[in-house]
Amino acid sequence: MAWKNRGDSNSRNLVSRKLSFFLCIGCFLAGMLFTDRMWTEPEAKDISRPTGTEAEKLKLLAEGCDTISKDVRRDSKDITGEVSKTHNAVQTLDKTISNLEMELVAARAMQDSIVTGSPISDDLRLLKPVRKRKYLMVVGINTAFSSRRRRDSLRATWMPQGDKLRKLEEEKGIVMRFVIGHSATSGGILDRAIEAEEKKHGDFLRLEHIEGYLELSAKTKTYFTTAVALWDADFYVKVDDDVHVNIGTLGATLSRYKLKSRVYVGCMKSGPVLAHKGVRYHEPEHWKFGEEGNKYFRHATGQLYAISRDLATYISINQNVLHKYANEDVSLGSWFIGLDVEHIDDRRLCCGTPPDCEWKAQAGNICVASFDWSCSGICRSADRIKEVHKRCGEDNNALWSASF
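This one's a predicted model, so the numbers in the text were calculated from it and none came from an experiment.

The rules behind each value
- Residues numbered from 1 in each chain as written.
- Predicted model: local features only at pLDDT ≥ 70, side-chain atom pairs only at ≥ 80, totals over all residues.
- Heavy atoms only, no water.
- Buried < 20%, exposed > 50% of the residue type's maximum accessible area, 1.4 Å probe, protein only.
- Helix = DSSP H or I, 4+ residues; strand = E, 2+ residues; numbered from the N terminus.
- Contact = heavy atoms within 4.5 Å.
- Phe/Tyr/Trp six-rings, centres within 6.5 Å; stacked < 30°, edge-to-face > 60°.
- Core = buried A, V, L, I, M, F, W, Y, C linked by side-chain atoms within 4.5 Å.
- Patch = residues over 30% accessible without salt bridge, like charges linked within 9 Å, V, L, I, M, F, W, Y side chains within 5 Å.
- Areas by Shrake-Rupley, 256 points an atom, 1.4 Å probe, with all protein chains shown as cover.
- Salt bridge = Lys/Arg side-chain N within 4 Å of Asp/Glu carboxyl O.

Q: Help me understand helix α6 (residues 148-155), please; the structure alone is not making it clear to me.
A: Counting along an α-helix, one turn takes 3.6 residues, and residues three or four places apart therefore face a common direction. Among all positions in α6, only R151, S153, L154 and R155 are buried. Those residues of α6 hidden inside the fold are in contact with β1 (134-142), β2 (174-182), α8 (189-201), β3 (204-210) and α14 (381-392).

Q: Honestly, the packing of aromatic side chains in this entry has me stumped. Any pointers?
A: For any pair of aromatic rings, geometry is given as the distance between the ring centres together with the angle between the planes. Tallied over the full model, the rule gives eight aromatic pairs. With 4.9 Å between their ring centres and 45° between their planes, Y223 and F224 make a pair best called tilted. Taking 5.0 Å as the distance between ring centres and 80° as the angle between the ring planes, the aromatic pair formed by F289 and Y296 counts as edge-to-face. A single burial state applies to F289 and to Y296, both of which are buried.

Q: Just to check I follow, could you spell out the nonpolar core for this structure?
A: As a rule of thumb, soluble globular proteins bury nonpolar side chains together. Counting 44 residues, the largest nonpolar core has M137, V139, I141, W158, I174, M176 and L250 as the members making the most contacts within it. Breaking this core down by element, the ones donating at least two residues are β1, α7 (163-172), β2, β4 (232-240), α10 (247-255), β6 (263-269), β7 (299-308) and α14. Residue contacts for W158: discarding those within four places in its chain leaves I141, M176, V239, V243, H244, V245, I247, I385 and H389. Membership of the second largest hydrophobic core comes to 27 residues, among which are Y135, A300, A312 and L332.

Q: Just to check I follow, could you spell out a nonpolar patch on the surface for this structure?
A: Nonpolar side chains collect at one region of the surface, where Y213, L214 and Y281 lie side by side and expose about 400 Å² of accessible area between them. With respect to the secondary-structure elements, Y213 resides in the loop between β3 and α9 (216-230).

Given below as structure tokens:
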């Protein structure tokens, strides 16, 4: 019995060991299965795993990043070149616009000639060959039929003549002309005298305009309209024929403003509006400026002033609707009211005659223009301008050695 019990006990122990072994194996396998399911790396929600093709694309993109970086570094070296190309393109476009504007001016002049029956200016017929050149400034010297002695005094002092006048245009880009219209009697003795003078000197710009003291505002509009059609310049200057001018100093002064598109340069003033009849500079439309005793808005004195090309073009395009006041300098100033125009007040454009301009010249501050305020020009200019030129004129080589 004892042996039997011991055998049965051993048999049960063997079974228990086998069972335990299998249970362990089963638990291990179950654990492995459970662990594989529970600890699989969760996929980010809404983010898809890249397929094989997408992975290749990402690889190519990553490789391309380095290439792009290299291209960016290489392109950065060309920025200066691109900016230069852009600047040249803008200049070309600006030139094209300028040419179109001048062609428009010429077309309108031709149309007006057809409508009114008046002959077109010979200068306007030469528009295409003349406008190809770019000039620094056009200087229009306002003159009258009775001012022959004044013109000769300018020719003998500060205004170059003959070959020097042409050289001034070609080398310095400065055009100078006496500006005058026609007499009320077309082809009369006054017109024939100017034609003979023009044949001798070749320094006139004839306008389609009837001369008259009360028509200076209209003459100013016609001058700028004609000048901007004939010559493509940075500036257009008006000066009276009894004023002394240092052309080289004027060119150097205006050159400082070449990068500004709308400038109005002169000696700015604001004189009283004269309401009483019979006085000089009487303003018939004085009531437009308020109560008696008021002053005009700021504008350049009429002896000498300059405007940039954009402003001259504006006058040309809008000439038919620009109002004319009694005084020419007031009219010009009124045309720029409401426009984005920079008024430049330069007192060197209105120096006095000696000793004023002489003292300034000795101090190294050469005047652009000199005249007497009491006479609105040089008093007895035909007789005195040589002395003014001798004492206040710039050096003889100043103009020809200047670089604008």
